[in-house]
Structures are given as C-alpha cells and as structure tokens.
Amino acid sequence: MTLGLAIGFVLALVLALVVGALAPGLLRGRQREEASPLPSAPTSALALAEAEAEYQKLLEAARTEAEQIRRTAELEAKEVALRAQEAAERELAEKRAELEKMRVEVMRKENQLAQRAAELGRRDEDLSKKDRWLTGREQSAEANAKKAEEVLAAAHAQLEKTAGLTADQAREQLQAEVIESARKAAAGELQRIEAATQAEAEARSKSIIATAIQRYASEYVTERTVAVVPLPSDDLKGRIIGREGRNIRALEAATGIDLIIDDTPEAVIISCFHPVRREVARLALTRLIADGRIHPTRIEEVVQKCESEVEQQCKEAGEQAIFDLGLGKIHPELVRMLGQLKFRSSHAQNLLQHSIEVGFLAGAMAAELGQNIKLARRAGLLHDIGKAVDHEVEGSHAAVGAALCKKLGEAPRVVQAIASHHGEEPAQSILDHIVDAANVLSSQRPGARRELLQSYISRLEELEKLCAGFPGVERAYALQMGKEVRVLVENSQITDEQVVLLSRDIARRIEDSLAYPGQIRVCVIRETRATDYAR
C-alpha cells in the first residue's frame, strides 16, 4: 500500500509539472492574439480554433507522456520491489540454512557428549570392579603367603627331625655334593677341551707345515715354476739325454734344476722353484742346442758362462732401478739381490717392477706430506728384498728383508719401514705408513695381479658377508686384497673375552667355507666410547 501511494504521488507531481510548463505558453499566445489588430472576424475565429486544437493536442500529448512515465515508473518500482523481495527471500533462506546447520552441529555435539559421558561411566564402573578384585586378590595372596611360610617352617622342622640334620648342616652337605658334581663335570669338560685343542693343534701344525712347504717351494703358489725350451727337431732329445743319461745328469747337477723330456713335440721342460737357476738352465740349454756340442764338459762351461751373465743381468737390473729412483749408494749385495727380483713374480706381477713402483709412490706421498723423499723411495724399493732370499732363512719376507738390510748397513728408519709394511710389527713413524700404503696401491691397482676383477670382487664380498653373519658383528671390511679382514662388533653384545673367541670362530669359518691364496688375518675390534660435554 505504501509503495502504491508513493507511485500515485509521483505521477500526480509529474502531471502538474507538465501542465504548469505548457500553460504559460498558451496564455502568452492568447494575449498576443488579443493585442494584435483583428483583421477580421472569420480570421480571428479560425485562429482561435486552431489554438484551441493545438492546446488540446498538447494537453493530450502531455497526458499521454505522463501516462507513459507513470507506467514506466510503476514498472521500475515493481521491478525494484521484486528484486528487493528476492534479495530478502535469499537472505532469509541463507539465514535459515545456517541456523539449520548450527542446530545439526549442536545436536551432534550433544550426542557425542552423551556418548562420552556414558563411556566414562562404564570406565568408572570397570575401574571400581577391578579395584575391588585387586583388593581381594591382594588379601588372598597375603593369606596364602602366610600359609606357605607356616607350611615351609613345618616342613623344615619335619625335615630336620627326619634327617637328623640342622639347616646349616644340610646346606653344607648340599654344597659339598654340588662341588663334587661340578668337579666331575669340569674333569669331563677338561678332557673334551684337551681333545679339541689337540685336534686343533694338529690342524694348525699341518697348516704351518703347508705354509713352510709353500715358502720352500716359492713365495707364492701362483708363481711360475717351469720354462719351456723349443727344439729344432725331436732328434735333439736323445743328444740332450746323452749316453746312459750322462748329459742330462750333468746339466741337472750343474744348474740344480729338473729337466723333463717327454712326448711334447720339439720341446723340453725345465722345472725349478728357484727362478734364477731356472733362467741359467734355460740360457745354457738354448746355447747348447744352438752350438750342437752337448757333452758334460761343454755343459759345465756353458753353465758357468750363463751364471756369470745372469749375475751381471741381476746387477745391471738392480743398478738401473737405483738409478731410475735417483738413490745414492747401496750395498752391492743388496743391489744383486734387488736384481734377482727381476726373475720373481707375485700373482704375475714382476717383483722388481713392483718394488720400483712402490718406491715412486712412496716418494710422491712423502713429497705431499713434507717428509724425506729419498728415504721414502729407498724404503719402498727395498721393502720386498726379503723375497729374493730363499728358504735358507726362516721367517716372513718382511722380517727377513729387515734383518738383511740392518746387517748390510741400511738406516734404522728404512729397516723399520720394511719390517712393518705388512703390519707384522707396529708402525712407529709416518714413513712406515707411507711404505705400507704405497705397497697396497701398487699391488691393488687394476691389472697389477693375475685375478679377474669380478672374481676378486666376489671373493671380497663373500669374505665380508661371512664375517657379518656372526651375531654381534656390526660391520666387516676386507683389506689388503683380501689378506686381512677387520670386524667391528657391538660392545653391548660382545665382551672383551668373547672377542678372542669370535676372531677364532671367524678364522675357522673362513678356512672351512672359502678358497683363497696364502692366509687371511682376522682382526676383531671392540670399541667403548664415553662422551660428555663441558658447558
């Protein structure tokens, strides 16, 4: 209603404005007509009629326009009212939806609170029941304990009465029986340990004997022990043997080798574990075959010449190695023995070349560390000099080489580096570590030893995996091309006493499970750390 009255008031106001705007014009027209001279009566009447008609047209146009304006205003007013109503309805709907959500949320929370309250009530009831049950059990346990004490006291009294012994006497008798039983068990265990120790000692002695035989034969099993000498024809085999075998016996006696003449076509085989003797025999036999004169006297002459030549070759090879490394004067005996390494090899690696390489590597590392370069090269070149000494001297090649160098006047630091380059003696200076590291680098570089890379890696992985399989072992590392394995254990699981047994068990497991050249050193490390902070 209020909106309709407002619309009517607006329309009336618009119509009044239109009429007010048109009325002055009409009045001024009439006044001009009245003021102007009247030409004639018909003309005045005609003009008046036209003015009246014009007035009616204008009035009608004004009314029409006012009606259109009124309708337009009504439509706009209705449209505004409709939009306002729709907005109000939307807002009302949103408010209702929001209120409905709030009502649902409130109801959900009320349900949750009710469920929680019911659960808490059940828990209280359960706790009360458990409390009452525990109280009853405690009382029952106290009663049973008192009853058990009474029964035990009665049993003790009855036992003492029956046995005729007091509790102290029975305890002493039981201790004596236990001690006697323990002694019997200990005696049996002692016999078992003695038997096991004896068996182990026999196995270890066999291993030591095998190692000694191996050293007598050669420093390494994989070293070459034979040489093949080609023949122009098989007819020479008979001449080499000689009448009733005198030629072959003379050659073997002069050189200390074994000459094998078999069905191999146009070839004979020289077998000897001493590489220098084998080289002398090869040169002598080659020259005898080329000369054609093969008899005992000629054999002895040729062998003596070949020994001198090989000796000279060894001397020249040793001097050349010393010259290449830029070293000073070295005892002639060491020079000769150093040259003999030219005819020895380890895993197909020539020992003289290996020694020269270790000398260069040791000098390079000494230069980086600010140490004496010449001294490092000298120790690196002589570190394997013990391998030139045969089985006449007992001990490892490191110990033999150190004793030999000490005897021939080498510096104490060089002697110590040679003795400790395999860890047989503790390192005492940086030079010892340099020589050890250079030896490992030379022997473990790719292609240095005769072993396929894949088989080498597989052997190390198997060794580490075997050691890591023992309980309490944290990590295991294979070092020195698999010649040493270091095992780190958890100090919370392995005691100091168990470390000794663990190293022994690992060594026995390696012997039983793996195939490897030489020997493997098992080093088990147990470390205890204590950490604190000064604040």
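Residues numbered from 1 in each chain as written. Predicted model: local features only at pLDDT ≥ 70, side-chain atom pairs only at ≥ 80, totals over all residues. Heavy atoms only, no water.

*Asks:* Please clarify how the overall build of the protein chain should be interpreted in this entry.
*Replies:* Looking only at helices and strands, the protein chain features 15 helices and 8 strands. The buried share of the protein chain, taken over its 535 residues, is 28%. Expressed as a percentage of contacts within the protein chain between residues at least 6 apart in sequence, the contacts between residues at least 24 apart total 60%. Surface exposure of the protein chain reaches about 35,500 Å², of which carbon and sulfur atoms provide 56%. (Helix = DSSP H or I, 4+ residues; strand = E, 2+ residues; numbered from the N terminus. Buried < 20%, exposed > 50% of the residue type's maximum accessible area, 1.4 Å probe, protein only. Contact = heavy atoms within 4.5 Å. Areas by Shrake-Rupley, 256 points an atom, 1.4 Å probe, with all protein chains shown as cover.)

*Asks:* How do you make sense of helix α12 (residues 412–419) when you look at a structure like this?
*Replies:* Residues that lie three or four places apart on an α-helix share one face, since the helix turns once every 3.6 residues. Extensive coverage of α12 is indicated by the burial of 6 of its 8 residues. Residues V414, V415, Q416, A417, I418 and A419 constitute the buried set of α12.

*Asks:* Honestly, the nonpolar core in this entry has me stumped. Any pointers?
*Replies:* The nonpolar side chains of a soluble globular protein tend to be buried, and buried together. Residues L338 and L381 are the most contacted members of the largest nonpolar core, which totals 39 residues. Listed by contribution, the elements that provide at least two residues to this core are α7 (296–325), α8 (332–340), α9 (351–369), α10 (373–382), α11 (397–407), α12 and α13 (430–444). Of all the elements, α9 adds the most residues to this core, at 6 residues. Excluding residues that lie within four positions of it along the chain, L381 makes contacts with A321, I322, L325, L327, L338, S355, I356 and G359. (Core = buried A, V, L, I, M, F, W, Y, C linked by side-chain atoms within 4.5 Å.)

*Asks:* What is the right way to look at the sheet that holds strand β3 (residues 267–271) in this model?
*Replies:* Overall, antiparallel pairing links the 3 strands, which are arranged β1-β3-β2 in an open sheet. Every interior strand has two partners, whereas the edge strands, β1 (226–230) and β2 (258–260), have only one. Sheet twist, expressed as the average angle between the axes of neighbouring strands with direction ignored, equals 25°. Where β2 meets β3, 3 bridges bridge the pair, whose relative direction is antiparallel. For I260, the partnering residue across the bridge sits in β3 and is I269. Strands in contact with helix α6 (residues 275–291) are β1, β2 and β3; relative to β1, the strand with the most contacts, it is inclined by about 10°. (Pairing = 2+ DSSP bridges. Axes fitted to C-alpha atoms, helices over the stretch in contact; angles between N-to-C directions.)

*Asks:* When you look at the pairing of β1 in this model, what are you seeing that I'm missing?
*Replies:* Where a strand is regular, its side chains alternate between the two sheet faces. Across the two faces of β1 the burial differs, with A227 and V229 buried and V226, V228 and P230 not buried at all. Strand direction decides the pairing type here: β1 and β3, joined by 5 bridges, are antiparallel. Bridge pairing in β3 places V228 opposite I269.

*Asks:* Explanation requested: the sheet that holds strand β7 (residues 484–489) in the structure shown.
*Replies:* Within a sheet, each strand pairs with its neighbour through backbone hydrogen bonds, oriented either parallel or antiparallel. If you walk across this open sheet you meet the 3 strands as β6-β7-β8, and the pairing is mixed. Only two strands of the sheet have a single partner each, and these edge strands are β6 (473–479) and β8 (521–526). Between one strand and the next, the sheet's axes are offset by a mean angle of 20°, whatever the strand orientation. As judged from the 6 bridges shared by β7 and β8, these two strands associate in the parallel manner. Its bridge partner lying in β8, V487 is registered against V524. Packing of helix α15 (residues 496–513) onto the sheet brings it into contact with β6, β7 and β8, and relative to β8 it is tilted by some 150°.

*Asks:* Got a minute to help me understand α7 in this structure?
*Replies:* An ideal rise of 1.5 Å per residue puts 44 Å on 30 residues; α7 measures up with 43 Å between its terminal C-alpha atoms. Packed against the buried residues of α7 are α5 (246–255), α6, α8, α9 and α10. In the segment just after α7, G326 is the residue with positive phi, at about 70°. (Expected span 1.5 Å × (residues − 1).)

*Asks:* Got a minute to help me understand the pattern of salt bridges in this structure?
*Replies:* Pairing between side chains becomes possible if they bear opposite charge and their charged atoms approach one another. Considering all chains together, one arrives at 22 salt bridges under this definition. Between R287 and E309 there is a salt bridge whose closest N-O contact spans 2.4 Å. In this pair, R287 sits in helix α6 while E309 sits in helix α7, placing the two residues 22 residues apart along the sequence. Look at E309 and you get partly exposed, because its relative accessible area is 29%. One network of salt bridges, in which partners are shared, links E67, R70, R71 and E74. (Salt bridge = Lys/Arg side-chain N within 4 Å of Asp/Glu carboxyl O.)

*Asks:* Which parts of the structure should I look at to understand the side chain of N247?
*Replies:* Mapping N247 onto the fold places it in helix α5. Among the residues examined, N247 registers a relative accessible area of 4% and is labelled buried. Beyond its immediate sequence surroundings of up to four residues, N247 is in contact with R239, I240, I241, G242, I294, H295, P296 and I299.

*Asks:* Looking at this structure, how should I read the packing of α10 against α12?
*Replies:* For any two helices packed against each other, the geometry comes down to the angle between their axes and how far apart the axes lie. Relative orientation of the contacting elements α10 and α12 amounts to 45°, with a least axis distance of 9 Å. By the angle class used here, α10 and α12 are oblique. Crossing of α10 against α12: the hand is right-handed. Contacts between α10 and α12 involve L375, R378, A379 and L382 from the first element and R413, V414, A417 and I418 from the second. (Parallel < 35°, antiparallel > 145°, perpendicular 65-115°, else oblique. Left-handed = near helix turned anticlockwise from the far one by under 90°.)

*Asks:* Sorry, what's going on with the environment of D234 here?
*Replies:* Here D234 is to be found in the loop between β1 and α4 (235–241). A relative accessible area of 39% places D234 in the partly exposed class. Excluding residues within four positions of it along the chain, D234 makes contact with T264, P265 and E266.

*Asks:* How do you make sense of the packing of α11 against α12 when you look at a structure like this?
*Replies:* Where α11 contacts α12, the two axes come as close as 8 Å, and the packing angle between them is 170°. Judged by the angle between their axes, α11 and α12 are roughly antiparallel. By crossing handedness, the relation of α11 to α12 is classed as right-handed. Touching A398, G401, A402, C405 and K406 of α11 are V415, I418 and A419, all from α12. Looking at side-chain class alone, the contact of α11 with α12 contains 6 nonpolar, 1 polar and 1 charged residues. (Nonpolar A, V, L, I, M, F, W, Y, C, P; charged D, E, K, R; others polar.)

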